[in-house]
Amino acid sequence: MSYNLLKGKKGIIFGALDSNSIAWKTAERVHEEGGQFVLTNAPVAMRMGQINELAEKTGSQIIPADATSVEDLQNLVEKSMEILGGKIDFVLHSIGMSINVRKGKHYTDQNYEWTQKGTDVSAMSFHKVMQTLYKADAMNEWGSIVALSYMAAQRVFPDYNDMADNKAYLESIARSFGYFFGRDKKVRVNTISQSPTPTTAGSGVKGFDGFIAYADKMSPLGNATALDCANYTVSLFSDLTKRVTLQNLYNDGGFSNMGVSDAVMATFTGEE
Ligand SMILES: NC(=O)c1ccc[n+]([C@@H]2O[C@H](COP(=O)([O-])OP(=O)(O)OC[C@H]3O[C@@H](n4cnc5c(N)ncnc54)[C@H](O)[C@@H]3O)[C@@H](O)[C@H]2O)c1
C-alpha cells in the first residue's frame, strides 16, 4: 500500500547488499511512497551484491562509496545532488561490520586493529556522513537522517561483541550531531533500534538463531521484520514526524520494556 508520504523527496540510501538487507526493503518502500534516491555501498560489497537489480527496480543510480572515506563521501554527496537535481531530504545509514565478530574473536581477547576498523565502519562513518552533508550544506530544511542500531547499546548481549560498543557510540553521535544539525539546518537525526533480523550482518553474530527466537518469545508483538523497519523509517523520513529528533527509537515488538513473558517462563516451568 502507498500513502505517497515521500512524494517529491530526495535521498541517499546506504547499505543495500541483498534482498534481505534492511536498506533494500527501505529502498523498495521509499520508492513506493514516491521518494527518489541514490543507492550507495562499499565498492567491495557491490561486486558481490545484487544492487543493480534494486537500482533498476526503483529507477535509481548507484554511486559506490566506502563510508569510512571522507573523499568518497564528498564525491557521493556532490554527485547525488547533481543526479537528484537539488538538496537532500533523507539519508539512511544502514551499515555495520565487526571483524572480531566475523572471525570469532572473543570480546575478552580483541584484536584492536579489527576493533578500530569495526568502530570506523559501524559508528564513526555516521559522523563522517553527517559532517560531509553539513559542510556541503546538502540537506534541505526539515530533512531527516536515520541510522540503525541494536539494543546491545544499552543492555548486555554477550555474543554481540564489540558491535555493542559501536552501537553505543553510533547512538551518541546521533544525539551530538543531531543537536547541531537541528539548530543550524532544521534537520532531524534519529536511530532506530531494531529487533534481531535475518540478514547477512545479523546472521553473522554467534548464537543468532537462539537470540532471534528468544527475542520473538519475549516480545508481545513478536520481532519487527526488515519490512517493519522500512515502514518505520518511511514515517521518520515523512513530514509527519517533523519534531522527532535526538532519539533512539525502539522498533522491537515491545522487547526493550519486557522483564519476562509467559512464553519464556513456560520454558522453565514446563507449562507451555
Ligand atoms: N540484522 C540485525 O539483526 C540487526 C538488528 C539491529 C540493527 N541492525 C543494523 O542494521 C544495519 C543494516 O544491517 P543489515 O542487518 O541490513 O545487514 P546487511 O549485511 O544487509 O547490511 C550491512 C551493510 O553494511 C555495508 N557496509 C559494510 N562496510 C561498509 C563500508 N565500509 N562502507 C559502506 N557500507 C559498508 C555492507 O556492504 C552491507 O550492505 C546495520 O547497522 C546493522 O547493525 C541489524
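Everything quoted here is computed from the prediction, not taken from an experiment.

Colleague: Before we go on, may I ask you to explain the overall build of the protein in this structure?
Modeller: Across its full length, the protein holds 11 helices and 7 strands. On the principal axes, the C-alpha backbone points of the protein span a range of 60 × 45 × 40 Å. Here the protein, with 272 residues, has 46% of them falling under the buried criterion. Taking contacts inside the protein between residues at least 6 apart in sequence as the whole, the part at least 24 apart equals 74%.

Colleague: Just to check I follow, could you spell out the environment of glycine 34 for this structure?
Modeller: By the element assignment, glycine 34 lies in the loop between helix H1 (22-32) and strand E2 (36-40). Sequence-distant contacts of glycine 34, defined by excluding residues within four places in its chain, comprise Asn4, Leu6 and Lys7.

Colleague: What should I look at first to understand the UniProt feature "binding site: NAD(+)" (unreviewed entry) in the protein in this one?
Modeller: In the numbering used here, UniProt assigns the feature "binding site: NAD(+)" (unreviewed entry) to Gly15, Ser21, Ile22, Ile95 and Lys167. Of note, isoleucine 95 is situated in the loop between strand E4 (88-93) and helix H5 (99-102). Assessed through the 25 C-beta atoms surrounding it within 10 Å, isoleucine 95 is described here as buried. Aside from chain neighbours lying at most four places away, what touches isoleucine 95 is Phe14, Gly15, Ala67, Val121, Ser122 and Ser125. Secondary-structure assignment places lysine 167 in helix H7 (residues 163-185). Once residues within four sequence positions are removed from consideration, lysine 167 is found in contact with Ser149, Tyr150, Ala152 and Ala153.

Colleague: Looking at this structure, I do not really get the UniProt feature "active site" (unreviewed entry) in the protein. What am I missing?
Modeller: In the numbering used here, UniProt assigns the feature "active site" (unreviewed entry) to Tyr150 and Tyr160. Here tyrosine 150 is to be found in the loop between strand E5 (139-149) and H7. On the neighbour-count criterion, tyrosine 150 (27 C-beta atoms within 10 Å) is buried. Classification of tyrosine 160 as buried rests on a count of 25 C-beta atoms within 10 Å.

Colleague: Looking at this structure, how should I read the site of the ligand?
Modeller: Taken together, 27 residues sit near the ligand, with Ser21, Ala45, Gly96, Ala201 and Gly202 positioned nearest. With 3 residues, the top contributor of residues to the shell around the ligand is helix H8 (residues 200-203). Classifying every residue of the shell around the ligand by side-chain character gives 14 nonpolar, 12 polar and 1 charged.

Colleague: How do you make sense of the packing of helix H4 (residues 70-84) against helix H6 (residues 112-135) when you look at a structure like this?
Modeller: To describe two helices that pack against each other, one gives the angle between their axes and the distance between the axes. The interhelical angle for the contact between H4 and H6, taken along N-to-C directions, is 45 degrees, at an axis separation of 9 Å. Between H4 and H6, the angle is such that the two are oblique. Crossing geometry of H4 relative to H6 is assigned as right-handed. Contacts from Val70, Leu73, Gln74 and Val77 in H4 reach Lys128, Val129, Thr132 and Leu133 in H6. A breakdown of the residues in the contact of H4 with H6 according to their chemical character gives 5 nonpolar, 2 polar and 1 charged.

Colleague: Would you explain the nonpolar core in this entry?
Modeller: If you look at soluble globular proteins, the nonpolar side chains tend to sit buried side by side. Counting 55 residues, the largest nonpolar core has Ile13, Ala16 and Ala27 as its most contacted members. With 7 residues, helix H10 (residues 226-237) is the single largest residue contributor to this core. In this structure, Val101, Ala152, Ala153 and Ala164 belong to the second largest nonpolar core, which totals 9 residues.

Colleague: Is there a simple way to explain unusual backbone geometry in this structure?
Modeller: Most peptide bonds take the trans configuration, and most residues that are not glycine carry a negative phi. A positive phi angle, near 65 degrees, is found at tryptophan 142, a position not held by glycine. Summarising the element assignment, tryptophan 142 is placed in strand E5. Phi at lysine 186 takes a positive value of approximately 60 degrees, unusual for a residue other than glycine. As for its placement among the helices and strands, lysine 186 is situated in the loop between H7 and strand E6 (188-194).

Procedures and definitions
Residues numbered from 1 in each chain as written. Predicted model: local features only at pLDDT ≥ 70, side-chain atom pairs only at ≥ 80, totals over all residues. Helix = DSSP H or I, 4+ residues; strand = E, 2+ residues; numbered from the N terminus. Buried ≥ 20, exposed ≤ 12 C-beta atoms within 10 Å, placed from the backbone. Contact = placed C-beta atoms within 7 Å. UniProt positions renumbered as here; feature names shortened; annotations may be inferred. Near = placed C-beta within 6 Å. Nonpolar A, V, L, I, M, F, W, Y, C, P; charged D, E, K, R; others polar. Axes fitted to C-alpha atoms, helices over the stretch in contact; angles between N-to-C directions. Parallel < 35°, antiparallel > 145°, perpendicular 65-115°, else oblique. Left-handed = near helix turned anticlockwise from the far one by under 90°. Core = buried A, V, L, I, M, F, W, Y, C linked by C-beta atoms within 7 Å.

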